[in-house]
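# Inside the fold
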Amino acid sequence: MTDLTNLTISDALKGLDAKDFTAVELTQAHIDAGEAAKGLNAYITETPELAIEQAKASDARRAAGKAGALDGIPLAIKDLFCTDGVQTTAASHILEGFVPQYESTVTANLFADGAVMLGKANLDEFAMGSANTTSYFGNVINPWTREDGKDLVPGGSSGGSAAAVAARIAMGATGTDTGGSIRQPAAFCGISGIKPTYGRCSRWGTVAFASSLDQAGTFARSVEDNALLLQSMSGFDPKDSTSADIAVPDFAGALTGDVKGLRVGIPKEYKVEGMPAEIEKLWEDGIAMLKDAGAQIVDISLPHTKYALPTYYIIAPAECSSNLARYDGVRFGQRVEGEDLNEMYSKTRAEGFGDEVKRRIMIGTYALSAGYYDAYYIKAQKVRRLIAQDFDKAYEQCDVILTPTAPSAAFAIGENEGDPIKMYLNDVFTVPASLAGLPGMSIPTGLDANGLPLGMQILGKAWDEETVFRTAFALEKAANFTALPQSIVRQAA
Amino acid sequence: MAKLIQGESGEWEIVIGMEVHAQVIANSKLFSGASTQFGAKPNSQVSLVDAAMPGMLPVLNEFVVEQAIKTGLGINSVINNTSVFARKNYFYADLPQGYQISQFDQPIVGEGVIEIDLEDGTTKDIRVERLHLEQDAGKSMHDQHPTKSFVDLNRSGCALMEIVSYPDIRGPEEAAAYISKLRMILRYLGTCDGNMDEGSMRADVNISVRHPGDELGTRAEIKNVNSVKAIQQAIDFEVARQIELIEDGGTVVQETRLWDPVKMETRSMRSKEEAHDYRYFPDPDLLPLHVSNDQIESIRATLPELPDQKKHRFIGDYGLGVYDASVLIAEQARADYYESVIPDGANDNDAKLAANWVINELLGILKKNETPLSQSPVSAESLAGLITLIKDDTISGKIAKDVFAEMYATGKDAETIVEEKGLKQVTDTGAIEAIVDEVIAENQGQVEAYRSGKDKLFGFFVGQVMKKSQGKANPGVVNSLLKEKL
């Protein structure tokens, strides 16, 4: 860790403005740190040459007084965002070697504001997973370690993005969140991350997993940095029919620190059976912090919460089974030849997709099949509506909702592998808001007995990321989370 | 006038429903900005969306929606305020997304009706069940390489309207009348060019047979029928096949059959085991489509006069017969041509005269020369000129035919030709009287015979006078002078 890699984005922007260092120096520091932390496997593709080139251009812009809002800030880009001229794999063998000739709207927005790309961050294959263990390019290792020395997962699916930001090998990162893929890895890696309202960021150019749930978001080491990144990424895109033509507010401007009178909802249904005592304690601490800051605590009920996971695991696989049909070996990506078209399809897809992706394609295909469609997909859509109505009702009584982000701290690689259902339970607190399309943010507020970070989740009303940011900022201040991953601490020492 | 077929077990009724795929006239595709021009180089009109590249999203072409609404209104249908695009999932090399975006249980257009014209001059209503929008697939080419198939994605993503009729059609004649009327309406509306040979209009024909009064029989769906004639031939074959099958103790299987225009037969296309489960579900990349009543009404206001309205107006306003009216409205350009030919201040007789000239003379010679109306050497304006000359007795109908032939050959207008060739009808009584006197003087024998009661000889005298005047004498004047002098 160098001084430069430990800066927040907002401080780095000040330093660049004050000519304390150049974008090239800032970028090079992160490239070097990335070299040293290669063992984490946070990136699938590193783009150091491109990064330096972008940093030089950034320095020139700043010298000319034309610096953008994120000019010179080196970021990790989840390898689900298509990047013009840079391999984009979705962590799948089937897309290995695929180089898009177009730039996703989200990354184009970031680059337009001057951001620098360090590389394409590792993830679960097609964003399907909660531990970043399903990537064809190997699992990602959490920079935090436990006393038993076992490698821990960074969470998923945006595990590479979260690990890179936590390990100080990127100042911030893009992620995507379908059922918790930003919030859970943010919690596991001791950083903050936000999934905005569905429709806030364009999905154009982002490899689709489940279209009605996928939403781009950010990782960073402070609430303010998340606000800066999300500001740049957000906005209406006529190329995405589900992106909302709604003005993007000034997110950083919402960070007033004032939560007096804010009504914070505590959903009783999230007190799940068997919740570890330390998670419960974390939650109580969080409630106390906001209360001390002047917020009003309100008990609320989200009665359909227990149906959220099964609902999610019908809808997301159903959409994925259709979305992934285009990976057929005909036009791009991997192809395994066969005797005829059908054999080419089955060989290509059998070899190209990993087990978790195949499992979800099969679940989804089954759920959409004639004779099962009504019982599964239609039923799930109805429950989804009920879950959204739960939130609508709850928000009559409160402005934000506070819950733990995940039911545990990061676990060791392999610990939850045998049982997919146990793995799916990681998303129990994050999935309901995804189904309702609501914004959610995770910020680190404490450590467990093993010294691993734990996160609190703040959920907001649709299009009200400002209040989410405002609450998160207050909680961040109160929690004063300063712990660092052990590897960073060792380097510093 | 349902066509019944006599079988061994009694009379059979033919029951037909049609699914017509009509490519929407639009500059760009249903969900992408790529061009829809026919006949371009393979894969030259393919956007990232059409090729289903990772992360690409469909954006609905609003003009296509207007075209679909226009068509729905043109076939007297209900326009649904809310419709939903759904994915129809199946794998094929020319279907890049692995699904076709279509409309399933919530189409943009609901029930309607198309009036068809039968040969005996009667009409019949065929009910339409729905019209929905969907993407076309690309084209697979299996004959370009010994072991590989090639794919052309130019057509991939083009907008189609699928127009589904109820099983109200009762035989090949009605089927032909249905497809012809539908095509005529689409062309009037400018929503589909109706070119079946270019594939921009394709029909699937669902055929079953039953004894009159029985429940509907099991249907077979016939694909690849690419002309009105092929539709009739395929129906004839398929009906005979089904009747023979049933009367031999067999049962009709619900299946898709392909029309083979060379062998003139239908044959089974795919077996039951390969039957697709399309796993339809609402496309999460697209929001439900909402159309307000105001939008619908503003589109309704742009509708042109449709074939049936025009036909009824021609019959009512111009006193035309059903046949003449039907011929004239068959194409909008033809109807427009006809209306510009009718002279100002015309009465029914003039309008009929104009209809006769357009149908019998103009369309006749155009057909003989295989020339489309748009390239006619005789413009509507100049044919109107000719008719005016007939109407004001400048030339006789007989001379007019010669003038018309000259007009067609030279492109000159009628007045010029009449002037140049001195074909003006003689109405000067003095001049005609001189000829009449001459004829009487030269034919004393016939005069005697006529006067002694052979009335029929009157025609002979008229003929002689006309001949001497080279056809230019006004027949009315000739008649009255002859009567007076004989």
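For the structure itself, look to the data block above.
For the structure given in this document, a descriptive report is provided here. (Residues numbered from 1 in each chain as written. Chains lettered and ligands numbered in written order. Predicted model: local features only at pLDDT ≥ 70, side-chain atom pairs only at ≥ 80, totals over all residues. Heavy atoms only, no water.)

## Here we look at the overall build of chain A
- Along chain A, the regular secondary structure elements total 16 helices and 11 strands.
- Its C-alpha atoms give chain A a radius of gyration of 21 Å, within 12% of the compact-globule value 23 Å for 493 residues.
- When the backbone C-alpha atoms are referred to their principal axes, chain A occupies close to 65 × 55 × 50 Å.
- Of all intrachain contacts in chain A linking residues separated by at least 6 positions in sequence, the fraction that spans at least 24 positions is 78%.
- With the model as given, the accessible surface of chain A reaches about 17000 Å², and the carbon-plus-sulfur share is 51%.
- When the 43 positive and 62 negative side-chain charges of chain A are each reduced to one mean point, those points stand 4 Å apart. (Helix = DSSP H or I, 4+ residues; strand = E, 2+ residues; numbered from the N terminus. Rg over C-alpha atoms; globule rule 2.2 N^0.38 Å. Contact = heavy atoms within 4.5 Å. Areas by Shrake-Rupley, 256 points an atom, 1.4 Å probe, with all protein chains shown as cover. Lys, Arg positive; Asp, Glu negative; His and termini not counted. Charge placed at Lys NZ, Arg CZ, Asp CG, Glu CD.)

## With respect to a nonpolar patch on the surface
- Together, Tyr366(A), Tyr372(A) and Tyr376(A) make up a nonpolar patch on the protein surface, roughly 280 Å² of accessible area in all.
- By the element assignment, Tyr376(A) lies in helix α12 (residues 374-394). (Patch = residues over 30% accessible without salt bridge, like charges linked within 9 Å, V, L, I, M, F, W, Y side chains within 5 Å. Salt bridge = Lys/Arg side-chain N within 4 Å of Asp/Glu carboxyl O.)

## Digging into the sheet that holds strand β6 (residues 215-220) of chain A
All names here are of chain A.
- Pairing in this open sheet of 11 strands is mixed, and the strands run β1-β3-β2-β4-β6-β5-β10-β11-β9-β7-β8 from one edge to the other. The open sheet terminates on both sides in strands that have one partner only, identified here as β1 (43-46) and β8 (296-300). Here the average twist between neighbouring strands, direction ignored, is 30°.
- Bridge count between strand β2 (residues 74-78) and strand β3 (residues 116-121): five bridges; the pairing is parallel. Across the sheet, Ala 76 pairs through a bridge with Gly 119, a residue of β3. (Pairing = 2+ DSSP bridges. Axes fitted to C-alpha atoms, helices over the stretch in contact; angles between N-to-C directions.)

## Let's talk about the pairing of strand β1 (residues 4-7) of chain B
Residues and elements named next belong to chain B.
- Examined bridge by bridge, β1 and strand β2 (residues 10-23) share four bridges and lie antiparallel to one another. In the sheet register, Gln 6 faces β2, and the bridge partner there is Glu 11.
- Taking the residues between adjacent antiparallel strands as the criterion, β1 and β2 are bridged by two residues.

## Focus on the packing of aromatic side chains
- Applying the stated criterion across every chain, the model contains 30 aromatic pairs over all chains.
- Relative to Phe332(A), the ring of Tyr327(A) lies with its centre 6.1 Å away and its plane at 75°, an arrangement referred to as edge-to-face. Across the pair, exposure class does not vary: Tyr327(A) and Phe332(A) are buried alike.
- Here Phe460(B) and Phe461(B) contribute two aromatic rings whose centre-to-centre distance is 5.4 Å and whose plane-to-plane angle is 70°, an arrangement assigned as edge-to-face. (Phe/Tyr/Trp six-rings, centres within 6.5 Å; stacked < 30°, edge-to-face > 60°. Buried < 20%, exposed > 50% of the residue type's maximum accessible area, 1.4 Å probe, protein only.)

## A few points about helix α5 (residues 307-318) of chain B
Residues and elements named next belong to chain B.
- Given a rise of 1.5 Å per residue, 12 residues ought to cover 16 Å, and the 16 Å separating the end C-alpha atoms of α5 matches this to within 8%.
- Here α5 has its buried residues at Pro 307, Asp 308, Lys 310, Lys 311, Phe 314 and Tyr 318. When α5 is viewed along its axis, its buried side chains cluster within an angular range of 165° and face the same direction.
- On its buried side, α5 packs onto β6 (112-117), β7 (123-135), α2 (172-189), α6 (322-329), α7 (332-341) and α8 (348-368).
- Phi for Gly 319, located one or two positions after α5, is positive at around 70°. (Expected span 1.5 Å × (residues − 1). Arc of directions from axis to C-beta.)

## Overview of a negative patch on the surface
- A contiguous patch of negative charge on the surface is contributed by Glu381(B), Asp392(B), Asp393(B), Asp413(B) and Glu415(B).
- Among the secondary structure elements, Asp392(B) is positioned in the loop between α9 (380-391) and α10 (397-410).

## Considering the interface of chain A and chain B
- Facing 38 residues of chain A, the contacting portion of chain B comprises 29 residues.
- Interface area for chain A against chain B, summed over the two sides, is near 2700 Å², with a carbon-plus-sulfur share of 59%.
- Run the count over chain A and chain B and you get one salt bridge.
- Measuring nitrogen to oxygen at the nearest pair gives 3.1 Å for the salt bridge that ties Asp285(B) to Arg203(A).
- At the level of secondary structure, the elements contributing two or more residues to the side of chain A that touches chain B comprise α9 (308-323), α10 (341-352) and α11 (355-368) of chain A.
- Per-element accounting of the side of chain A that touches chain B gives the leading share, five residues, to α9(A).
- The class makeup of the residues in the side of chain A that touches chain B is 19 nonpolar, 11 polar and eight charged. (Buried area = accessible area lost by both parts, 1.4 Å probe. Nonpolar A, V, L, I, M, F, W, Y, C, P; charged D, E, K, R; others polar.)

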